[in-house]
Amino acid sequence: MVNKIFMENKNMLLNNPQYGWDGFSDGLISFIKSIVKQSMEEVIQDKMYENVVFDQKLSTKQLCDRWNISDTTLLTWEKRGLISPIQTGGRKKLYSLKDIREVEANGYIKNAC
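Everything quoted here is computed from the prediction, not taken from an experiment.

Undergrad: Looking at this model, I keep getting lost on the packing of helix 3 (residues 60-67) against helix 4 (residues 71-80). Mind explaining?
TA: A pair of packed helices is characterised by two quantities: the angle between their axes and the separation of those axes. Interhelical geometry of helix 3 versus helix 4 gives an angle of 95° and a closest axis separation of 9 Å. For the element pair helix 3 / helix 4, the angle class is roughly perpendicular. Residues T60, L63, C64 and W67 of helix 3 touch helix 4, and the partners they reach there are D71, L74 and W77. Grouping the constituent residues of the contact of helix 3 with helix 4 by class yields five nonpolar, one polar and one charged.

Undergrad: How should I be thinking about unusual backbone geometry in this particular structure?
TA: As a rule of thumb, non-glycine residues mostly have phi less than zero, and peptide bonds are mostly trans rather than cis. Even without being glycine, N68 reaches a positive phi, approximately 60°. Within the secondary structure, N68 is located in the loop between helix 3 and helix 4. Residue class for N68 comes out exposed when judged on its relative accessible area of 65%.

Undergrad: Looking at this model, I keep getting lost on the pattern of salt bridges. Mind explaining?
TA: It is possible for side chains of opposite charge to pair when their charged atoms get near one another. What the rule picks out here adds up to three salt bridges. With a closest N to O distance of 2.9 Å, D65 and K61 form a salt bridge. With D65 and K61 both in helix 3 and four residues apart, the pair spans about one turn of that helix. Across the pair R66 and E104 runs a salt bridge, and its minimum N-O distance is 2.7 Å. One end of the pair, R66, is in helix 3; the other, E104, is in helix 5 (residues 97-105), with 38 residues separating them in the sequence.

Thresholds applied
- Residues numbered from 1 in each chain as written.
- Predicted model: local features only at pLDDT ≥ 70, side-chain atom pairs only at ≥ 80, totals over all residues.
- Heavy atoms only, no water.
- Axes fitted to C-alpha atoms, helices over the stretch in contact; angles between N-to-C directions.
- Helix = DSSP H or I, 4+ residues; strand = E, 2+ residues; numbered from the N terminus.
- Parallel < 35°, antiparallel > 145°, perpendicular 65-115°, else oblique.
- Contact = heavy atoms within 4.5 Å.
- Nonpolar A, V, L, I, M, F, W, Y, C, P; charged D, E, K, R; others polar.
- Buried < 20%, exposed > 50% of the residue type's maximum accessible area, 1.4 Å probe, protein only.
- Salt bridge = Lys/Arg side-chain N within 4 Å of Asp/Glu carboxyl O.

What follows is the structure, encoded as structure tokens:
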């Protein structure tokens, strides 16, 4: 996409003698601004996606199913500090998808979905 914007601006400026150096520098500034704007929009969009996806939480059963382990194994891993649940009161535990993906990315879980 950036390459396309560059080629459009480059051809317009270089092939039109009325612009001269001032026109070229103005066009270059405009080009840089458009790249910065596009990059910022992509970063914002990515962060919004991460916030939605990584804010999800899995129950003990969902996590055990995902990792194909028993709840006893999960409890053992909790005691070893591999993953920490988010206590929601009482006996119910939830696990942050962000934490789950970190454990998977570190290679501790071989058969993760």
